[in-house]
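# Understanding the architecture of this molecule
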Amino acid sequence: MDRYLVFGHPVRHSKSPFIHTLFARQTQQELEYGLAEPAVDEFAHALRTFFDQGGKGCNVTVPFKEQAFTLVDCLSPRAKRAGAVNTIKLTDDGVLLGDNTDGAGLVADLKSDGVTLGDSRILLLGAGGAARGALAPLLAELPSELVIANRTHAKAQQLAAEFCDLGPVTAQTYEQLAGSFDLVINSTSASLQGALPPLAPALIHTDIAIYDMMYGASDTAFISWAKQHGARQTMDGLGMLVEQAAEAFTVWRGIRPGTKQVLRELKRNLGVI
Ligand code: ATR
């Protein structure tokens with residue numbers, strides 16, 4: 001049977017085996033999908049061993065995405081732009097192809113929630129790996145403006161400079177932010193510590209869409225805060241998780257699974273509904 005898995009550390013709580021098993025059942029593909037948690041300095045060896053032993057493909061998550069970028073034979077354009085790899089496929093020619101499906105997953109999830117990206121004014125909070133992965137797919141949707149704000153402003157400036165060939169992207173400090181945004185995407189890891197990015201409440205209005213790449217059994221700190229200040233449309237990163245997985249599955253198997261039912265089952269599994 002074709003073997004796939006996700007590398008991460010820690011990875012025990014990963015939902016990827018659950019999601020890919022449902023995709024495989026739905027599309028009638030024969031495959032198994034497991035977990036691997038190598039020691040942080042053992043990833044390169046574990047990756048090689050997996051493919052030497054007949055593995056067909058894998059996902060890569062924290063903290064290995066940047067390292068995976070350096071270990072594959074060939075990179076997709078979107079992985080090159082992201083500077084990180086979350087999906088590896090062994091091609092029929094024996095080449096390890098590194099891809100990145102995170103940004104495509106974000107855009108697919110936003111669209112499935114009815115968010116319009118074309119001609120919209122988008123605020124992206126954070127300038128780490130998650131933001132970097134999102135930029136090219138977001139700019140490909142032709143927003144009227146994409147502003148990056150980050151606690152460490154120099155990192156936002158650096159990202160804006162790196163992606164400004166793809167569209168109207170600029171960096172502003174949190175204090176500089178003004179005017180009406182259509183969509184705010186929180187890519188910071190602040191919610192992990194229950195903290196908030198220092199965003200002025202006045203930027204939140206009833207027609208704004210709020211997206212937090214984090215998720216949990218209850219609202220993230222950022223989503224709670226945005227709701228308190230009047231946001232009506234809020235989304236967490238669970239849909240992005242399912243959509244990036246669907247994109248990876250498509251890369252591996254050449255067949256696109258449906259995501260709606262799988263997202264519902266995942267929510268039930270997490271106790272969200
Ligand atoms: P990831 O790969 O998930 O993006 P990362 O590269 O560590 O993780 O980046 C985390 C991002 O969250 C950074 O933009 C970080 O801001 P700094 O560049 O200033 O460190 C941001 N971040 C983390 N905690 C934050 C907080 N409490 N408030 C605001 N931003 C925060």
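This write-up is about the structure you can find in this document. (Residues numbered from 1 in each chain as written. Predicted model: local features only at pLDDT ≥ 70, side-chain atom pairs only at ≥ 80, totals over all residues. Heavy atoms only, no water.)

Right, let's get into the pattern of salt bridges. Note on pairing: side chains with opposite charge can pair once their charged atoms come close. Taken as a whole, this structure holds 12 salt bridges when the rule is applied. For Asp165, the salt bridge goes to Arg81, with nearest N and O atoms at 2.4 Å. Taken together, the residues Asp165 in the loop between helix 7 (153–163) and strand 9 (169–172) and Arg81 in helix 4 (residues 77–82) connect sequence positions 84 residues apart. Since its relative accessible area comes to 54%, Asp165 is described here as exposed. One salt bridge in this structure joins Arg256 and Glu247, with 3.0 Å as the shortest N-O distance. One salt-bridge network, in which partners are shared between bridges, spans Arg78, Asp99, Glu247 and Arg256. (Salt bridge = Lys/Arg side-chain N within 4 Å of Asp/Glu carboxyl O. Helix = DSSP H or I, 4+ residues; strand = E, 2+ residues; numbered from the N terminus. Buried < 20%, exposed > 50% of the residue type's maximum accessible area, 1.4 Å probe, protein only.)

Moving on to the environment of Tyr211. Note that Tyr211 resides in strand 11 (residues 209–212). Expressed as a C-alpha distance, the spacing of Tyr211 and Lys65, which sit 146 residues apart in the sequence, is 22 Å. When near neighbours in sequence (up to four residues on either side) are disregarded, Tyr211 contacts Leu106, Asp109, Leu110, Leu183, Val184, Ile185, Asn186, Met235, Asp236, Gly237, Gly239 and Met240. Polar contacts involving the side chain of Tyr211 include one to the main-chain carbonyl oxygen of Asp236, which spans 3.4 Å. (Contact = heavy atoms within 4.5 Å. Polar contact = N/O pair within 3.5 Å; in protein donor to acceptor, adjacent residues only side chain to side chain.)

Turning next to the site of the ligand. Residues in close proximity to the ligand total 16 residues, the closest being Ala127, Asn150, Arg151, Thr152 and Lys155. Within the side chain of Lys155, an N or O atom sits 2.7 Å from an oxygen atom of the ligand. Residue Ser189 places a main-chain N or O atom 3.1 Å away from an oxygen atom belonging to the ligand. Grouping the constituent residues of the shell around the ligand by class yields six nonpolar, eight polar and two charged. (Near = heavy atom within 4 Å. Nonpolar A, V, L, I, M, F, W, Y, C, P; charged D, E, K, R; others polar.)

Any functional reading would require information that these geometric values do not contain.
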